[in-house]
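Now for the letters of each chain:
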Amino acid sequence: MHELSITHSLVELATEEARRRGLGRIRAVHLRVGVLSGVVTEALRFCFDVATAGTPLEGARLLVDEVPVEIFCPRCAEPKILPAPLPMACPVCGTRSAEVLRGRELELYALEGELELYALEGRDHDADAEDRGA
Ligand SMILES: [Zn+2]
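Within any chain, residue numbers begin from 1 and follow the written order of that chain's sequence. Local features in this predicted model are restricted to residues of pLDDT 70 or higher, and side-chain atom pairs are both shown and tallied only at a pLDDT of 80 or more, whereas totals for entire chains, interfaces and linings draw on every residue.

Examining the sheet that holds strand S2 (residues 61-67)
Strand pairing requires that DSSP identify at least two bridges connecting the strands. Each helix is a run of DSSP H or I of at least 4 residues and each strand a run of E of at least 2, with the numbering of both proceeding from the N terminus. Across the sheet, which stays open at both edges, the 3 strands sit in the order S2-S1-S6 with mixed pairing between neighbours. A single partner strand is all that each edge strand has here, and the edge strands are S2 and strand S6 (106-115). Sheet twist, expressed as the mean angle between neighbouring strand axes with direction ignored, is 20 degrees. Strand direction decides the pairing type here: strand S1 (residues 23-34) and S2, joined by 7 bridges, are parallel. Opposite Gly-34, over in S2, you have Val-67 as the bridge partner. Of the strands in this sheet, S1 and S6 are in contact with helix H1 (residues 2-20), which crosses S6 at around 45 degrees. A fitted line through C-alpha atoms represents every axis, and for helices the fit uses only the stretch in contact; the resulting angles, taken between N-to-C directions, go from 0 to 180 degrees. Residues are scored as being in contact if the C-beta atoms we place from backbone atoms lie within 7 Å.

Some details on the UniProt feature "binding site: Zn(2+)" (unreviewed entry) in the protein chain
In the UniProt entry, the feature "binding site: Zn(2+)" (unreviewed entry) is given for Cys-73, Cys-76, Cys-90 and Cys-93. The largest pairwise C-alpha distance within this set of annotated residues, which runs over 21 residues, is 8.7 Å, so the set is compact in three dimensions. If you trace the backbone, Cys-73 turns up in strand S3 (residues 70-73). We call a residue exposed when 12 or fewer other C-beta atoms sit within 10 Å of its C-beta, buried when the count reaches 20 or more, and partly exposed for counts in between; the C-beta positions come from the backbone. A residue is classified by how many C-beta atoms lie within 10 Å of it, and Cys-90, with 20 of them, is buried. Residues within four places of Cys-90 in sequence aside, it is in contact with Ile-71, Cys-73, Arg-75, Cys-76, Lys-80, Thr-95 and Ser-97. UniProt positions are given in the numbering used here, feature names are shortened, and annotations may be inferred rather than shown by experiment.

Dropping the structure here:
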């Protein structure tokens, strides 16, 4: 399944990011998913529980912001948000445009976690190396 490999990459990215910032358990993962990204949000949610098992993300909530399609309308000479992904045309004047400004992203933009207190006790980031072995 397409979404499963995407979810695995996201989990890897989030785990790495959490480690870099000294976060222990991750409570929530925030994603931006464009409606043109080709990713089915429901499938992503389903895969998330499987992909996070046994990682610092286990039990975390997945919060998805759906990003609408935004095109640049050459006639209005400004960006327009489409009420639906199709047709790819300005909702005001009807001019078609293939210049997509937003709506294709799949982006991890925030993590909510708990700071690991032991990380503050004079140990610096070399501690990372020990964890990685496990
Ligand atoms: Zn227009």
